[in-house]
Amino acid sequence: MSSRQIKLGAVTMGVGGPGHHYQWLDPEIPGDASVNVNWYIEQARLAEAAKFDLIFIVDSQFITPDSPPHYLNRLEPMTLLAALAVTTRHLGLVATMTTSYNNPFNLARRLASLELISGGRAGWNVVTSGDAGAAGNFSRDEHYDYDTRYARGLEFVQVAQGLWDSYEEGAFPRDRQRRTFLDPARLHALHHKGTHFSVVGPLNVSRSPQGQPVIFQAGDSEQGRDLGAAIGEGIFTHAASIEAGQAFYADIKSRAAAKGRDPDHVVVMPGVSVFVGDTDAGAREIERELQLADQDFDRALGELGRPFAWHDFRQYDLDAPFPDVLHVAERGFRTQAEKIVQLATDNNLTLRETVHRLSAPRPTPFAGSPETVANEMQRWFEERALDGYNIHIGHPAQFRRFTHDVLPILRERGLLRTEYESGTLRGNLGIPVPENRHTLARRAAGAEPARGSVHELMPMA
Ligand SMILES: Cc1cc2nc3c(=O)[nH]c(=O)nc-3n(C[C@H](O)[C@H](O)[C@H](O)COP(=O)(O)O)c2cc1C
């Protein structure tokens, strides 16, 4: 048995996320999949039966008619995950929530509640939002600039973590004989006063079996990587090739080490699509067919605007060089916009050619027979391009083939679990429980008995 095992997340974007405008035509996908709780429950149960670590629900707060079908009409993630918490037992439940348009107390409370509802299986994908238009939905004239939004993001997470330590273990003796519900010595206010937030606390929800939700992070810029290295216990990212994955992996792990963290406690999980067929050639055919079904030049042209703060590219001559508009992405998805502009300038592409390049069917790394896909997944994992995969569920028939045909091969090789190790997400990911800071301080002062002992309370006067 290999000691290091592949982590697996399942990403579901019901009727179709970015670049998958016609996924909803698949007869196996209900037309209302993205707002149909039963459909999500079914996907979560399939992922749990296949021993996935987690299901990941992406989110955003701004749409236009050019947004992908799933984005146009979808369930709010925490509400959805509460339903999945009571219909699954082991699966981690991870939601994207933005630090730019939330408030630390409310968000910490919602996540702490999901922690208790699920028995310690919650995760938070910390993002700062690339959709600049979200500002207009939250009483702001414009989105924060990068430095501000990432500094706010860091402070936000630190405040939430402080709030999650409001109660120590043993804070609620609930002793009927002594009429003692609370041990007030184990309840702590936060009294945070920072650049972006003032939060007194304490939070009115106690800790869960995993102590605190697992913190994931997604944002590829310099500032985003620094935030991930500082607070991310899981990193969601993209990897176009094994080499790109290795470079990102090495970078994140060394940034985390430089911050005094154990790099093994930062799990890197890029999102990937998988295409499985009876043979390699058969899989490539399925891949091409599914990619061709998503082709729509006008939709792709419209959606090109998203990284550029929903800039309208339909106004330009399609056959002129790619327009000089990088500046409009300054408060959007800048890293993604930079990559698109670089592709266009490096290759002297027109706008039309750029859209074609970005959306044209092309071979992806994880397509082939079950054996081929398993081999490639093993290679990327062993050659340290990643610690795990966020698998896009996409088309149900393909997800079935992946779980039925590919995963058993990896399991046979000792690269995947056969049973869940733990009932918590931390336990399954191998990420330690962060000890309550007040308990630690008490222990450092020599006043705390060894962990796990019963706290005896003095009777109340
Ligand atoms: C893999 C990945 C997943 C992301 N998921 C979301 C998401 O669900 N919602 C969202 O608003 N932003 C998401 N983001 C974007 C972040 O919000 C971030 O602000 C955006 O990528 C721009 O910042 P960057 O230049 O640091 O990447 C994601 C980014 C990555 C790399």
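What you are looking at is a predicted structure, and each value in this text was computed from that prediction instead of being measured. (Residues numbered from 1 in each chain as written. Predicted model: local features only at pLDDT ≥ 70, side-chain atom pairs only at ≥ 80, totals over all residues.)

Draft legend 1. Examining the site of the ligand more closely. Among the 22 residues in the neighbourhood of the ligand, the closest are listed as Val127, Gly219, Ser221, Gly224 and Thr335. Among the secondary structure elements, those contributing two or more residues to the shell around the ligand are β3 (92–98), β8 (234–237) and α10 (334–346). Per-class residue counts for the shell around the ligand are five nonpolar, 13 polar and four charged. Shared between two domains, the shell around the ligand holds at least three residues of each, these being domain 1 (7–281 + 363–429) and domain 2 (296–359). (Near = placed C-beta within 6 Å. Helix = DSSP H or I, 4+ residues; strand = E, 2+ residues; numbered from the N terminus. Nonpolar A, V, L, I, M, F, W, Y, C, P; charged D, E, K, R; others polar. Domains from an automatic or database assignment.)

Draft legend 2. Main features of the pairing of β3. Most of β3 is tucked away: six of the seven residues are buried. Examined bridge by bridge, strand β2 (residues 54–57) and β3 share four bridges and lie parallel to one another. Counted as the bridge partner of Phe56 is Val94 from β3. When β3 meets strand β4 (residues 122–127), the two strands line up parallel, connected through six bridges. Each bridged residue has a counterpart across the sheet, and for Met97 the counterpart in β4 is Val126. Running through helix α4 (residues 104–118), the crossover from β3 to the neighbouring parallel element β4 is right-handed. (Buried ≥ 20, exposed ≤ 12 C-beta atoms within 10 Å, placed from the backbone. Pairing = 2+ DSSP bridges. Right-handed = clockwise from strand over helix to strand, strands pointing away.)

Draft legend 3. Region of the structure containing the packing of α4 against helix α5 (residues 146–164). Running from N to C, α4 and α5 point in directions that differ by 50°, and their axes come no closer than 9 Å. Relative to α5, the element α4 lies oblique. Of the two possible hands of crossing, α4 and α5 adopt the one that is right-handed. On α5, the residues that touch Pro104, Phe105, Leu107, Ala108 and Ala112 of α4 are Phe156, Val159, Ala160, Leu163 and Trp164. (Axes fitted to C-alpha atoms, helices over the stretch in contact; angles between N-to-C directions. Parallel < 35°, antiparallel > 145°, perpendicular 65-115°, else oblique. Left-handed = near helix turned anticlockwise from the far one by under 90°. Contact = placed C-beta atoms within 7 Å.)

Draft legend 4. Helix α1 (residues 37–49), seen in detail. Here α1 contains 13 residues, and its C-alpha end-to-end distance of 18 Å stays within 8% of the 18 Å for a straight helix at 1.5 Å per residue. Listing the buried residues of α1 in full gives Tyr40, Gln43, Ala44, Ala47 and Glu48. Take α1 and look down its axis: the buried residues cluster within an arc of 135°, on one side only. For α1, the exposed residues lying more than 90 degrees away from the buried face are Asn38 and Ala49. The elements touched by buried residues of α1 are β1 (7–11), β2 and α3 (77–85). Positive backbone phi, approximately 65°, marks Lys51, located one or two places after α1. (Expected span 1.5 Å × (residues − 1). Arc of directions from axis to C-beta.)

Draft legend 5. Seen up close, the packing of α3 against α4. In the contact formed by α3 and α4, the axes pass within 9 Å of each other and the chain directions differ by 10°. Classed by the angle they form, the pair α3 and α4 counts as roughly parallel. In this structure, α3 uses Met78, Leu81, Ala82 and Ala85 to contact α4, whose residues at the interface are Arg110, Leu114, Ile117 and Ser118. The residue makeup of the contact of α3 with α4, split by class, is six nonpolar, one polar and one charged.

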